[in-house]
Amino acid sequence: MGEIIKLLKQQIDICRRLLQAVEQQRQGLCSGSGGLMSRETKAMEVLLIELRHIEKRQALLLKGTATRDLSELLSRTAPSEERAAARRLLQEAGALMSEVREAVAMNGELLDRHMQYILFSINVMAGTPADVTYDKPVKEQEKDKAQTNADTKMFDASV
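Residues numbered from 1 in each chain as written. Predicted model: local features only at pLDDT ≥ 70, side-chain atom pairs only at ≥ 80, totals over all residues. Heavy atoms only, no water.

### Structural notes on the overall build of the protein
Then, number 1: Regarding its fold elements, the protein presents five helices and zero strands.
Then, number 2: Traced from its N-terminal end to its C-terminal end, the protein shows the element sequence α-α-α-α-α. (Helix = DSSP H or I, 4+ residues; strand = E, 2+ residues; numbered from the N terminus.)

Set out below in structure tokens:
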């Protein structure tokens, strides 16, 4: 049980540092600071490698006990203070992991929007025909068009 608690504490520590790095990366994205963004991305890569090592150690521990996940392993152990502490740590680690996922998804959306703006600006500078503004991807526009039957014009004189 001590090994499980130790691994969970390490995982929580890494997740907290990862969350801080993701927040710093977001600040770099918002301020347009390529250096800050690059530095934080490298820090995130190192933290993700550390997290992967911990998950491999957890997988080895689970393989030795013939269980699928830590919650199943904890449910098989006898009730104790250590078990309660391990359950709390497992819930905290899960919550932190979901926060990290959400923050990374938000940064991904920011990156996509930056890329749309950059491509739009390049089109404007190059003088290539483009939409008036940068907009939804073509697939989403086609889906919206199909749903609303936008082929028929509202104020067409021939109707």
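### Thoughts on the nonpolar core
Then, number 1: The biggest cluster of nonpolar side chains holds 26 residues, and the ones touching the most others in it are I4, L8 and L70.
Then, number 2: Going through the elements one at a time, helix 1 (2–31), helix 2 (34–65), helix 3 (70–76) and helix 4 (81–126) are the ones with two or more residues in this core.
Then, number 3: The element contributing the most residues to this core is helix 1, with eleven residues.
Then, number 4: In this structure, I4 is in contact with L61, L70, L73 and A86, ignoring residues within four places of it in sequence. (Core = buried A, V, L, I, M, F, W, Y, C linked by side-chain atoms within 4.5 Å. Buried < 20%, exposed > 50% of the residue type's maximum accessible area, 1.4 Å probe, protein only. Contact = heavy atoms within 4.5 Å.)

### Let's talk about the pattern of salt bridges
Then, number 1: In the structure shown here, the tally under the stated rule is eight salt bridges.
Then, number 2: In this structure, the salt-bridge partner of E72 is R76, at a minimum N-O distance of 2.7 Å. On the criterion of helical spacing, the pair formed by E72 and R76 is a turn pair, its members being four residues apart in helix 3.
Then, number 3: A relative accessible area of 16% places E72 in the buried class.
Then, number 4: The partner of R113 in a salt bridge is E109, and the shortest N-O contact between them spans 3.3 Å. Of this pair, R113 and E109 are both found in helix 4, four residues apart, which corresponds to roughly one turn of the helix.
Then, number 5: Residue R113 is classed as exposed on the basis of its relative accessible area of 52%.
Then, number 6: Beyond isolated ion pairs, a larger network of salt bridges with shared partners links D13, R17 and E50. (Salt bridge = Lys/Arg side-chain N within 4 Å of Asp/Glu carboxyl O.)

### Concerning the side chain of R26
Then, number 1: Inspection of the secondary structure assignment puts R26 in helix 1.
Then, number 2: Setting aside anything within four residues of it in sequence, one finds R26 in contact with A103, M106, N107 and L110.

### A word on the packing of helix 1 against helix 4
Then, number 1: Direction vectors running N to C along helix 1 and helix 4 enclose 20°, while the axes themselves pass 9 Å from each other. In terms of axis orientation, helix 1 runs roughly parallel to helix 4. Between helix 1 and helix 4 lies a crossing whose hand is left-handed. (Axes fitted to C-alpha atoms, helices over the stretch in contact; angles between N-to-C directions. Parallel < 35°, antiparallel > 145°, perpendicular 65-115°, else oblique. Left-handed = near helix turned anticlockwise from the far one by under 90°.)

### Quick word on helix 2
Then, number 1: In this model helix 2 runs 46 Å from its N-terminal to its C-terminal C-alpha over 32 residues, within 8% of the 46 Å that 1.5 Å per residue would give.
Then, number 2: Turning to helix 2, its buried residues are L36, E40, M44, L47, L51, I54, Q58 and L62.
Then, number 3: Packed against the buried residues of helix 2 are helix 1, helix 3 and helix 4.
Then, number 4: Trailing helix 2 by a residue or two, A66 shows a phi angle of about 60°, which is positive. (Expected span 1.5 Å × (residues − 1).)

### Some remarks on a nonpolar patch on the surface
Then, number 1: On the surface, a cluster of nonpolar side chains totalling about 640 Å² of accessible area is made up of M115, Y117, I118, L119, I122 and M125.
Then, number 2: Look at M115 and you get partly exposed, because its relative accessible area is 44%. (Patch = residues over 30% accessible without salt bridge, like charges linked within 9 Å, V, L, I, M, F, W, Y side chains within 5 Å. Areas by Shrake-Rupley, 256 points an atom, 1.4 Å probe, with all protein chains shown as cover.)

### Re the packing of helix 1 against helix 2
Then, number 1: The N-to-C vectors of helix 1 and helix 2 enclose an angle of 160°; their axes lie 9 Å apart at closest approach. It follows from the interaxial angle that helix 1 and helix 2 lie roughly antiparallel. For helix 1 against helix 2, the interelement crossing comes out left-handed.
Then, number 2: Looking at the contact of helix 1 with helix 2 residue by residue, the class counts come to 17 nonpolar, eight polar and six charged. (Nonpolar A, V, L, I, M, F, W, Y, C, P; charged D, E, K, R; others polar.)

### Points about the confidence of the model for the protein
Then, number 1: Per-chain confidence: the protein averages 81 in pLDDT, with 81% of residues scoring 70 or above.
Then, number 2: With pLDDT under 50 throughout, residues 152–156 is counted as low confidence; its partners more than four residues away or in other chains account for one contact. (pLDDT = per-residue confidence, 0-100.)

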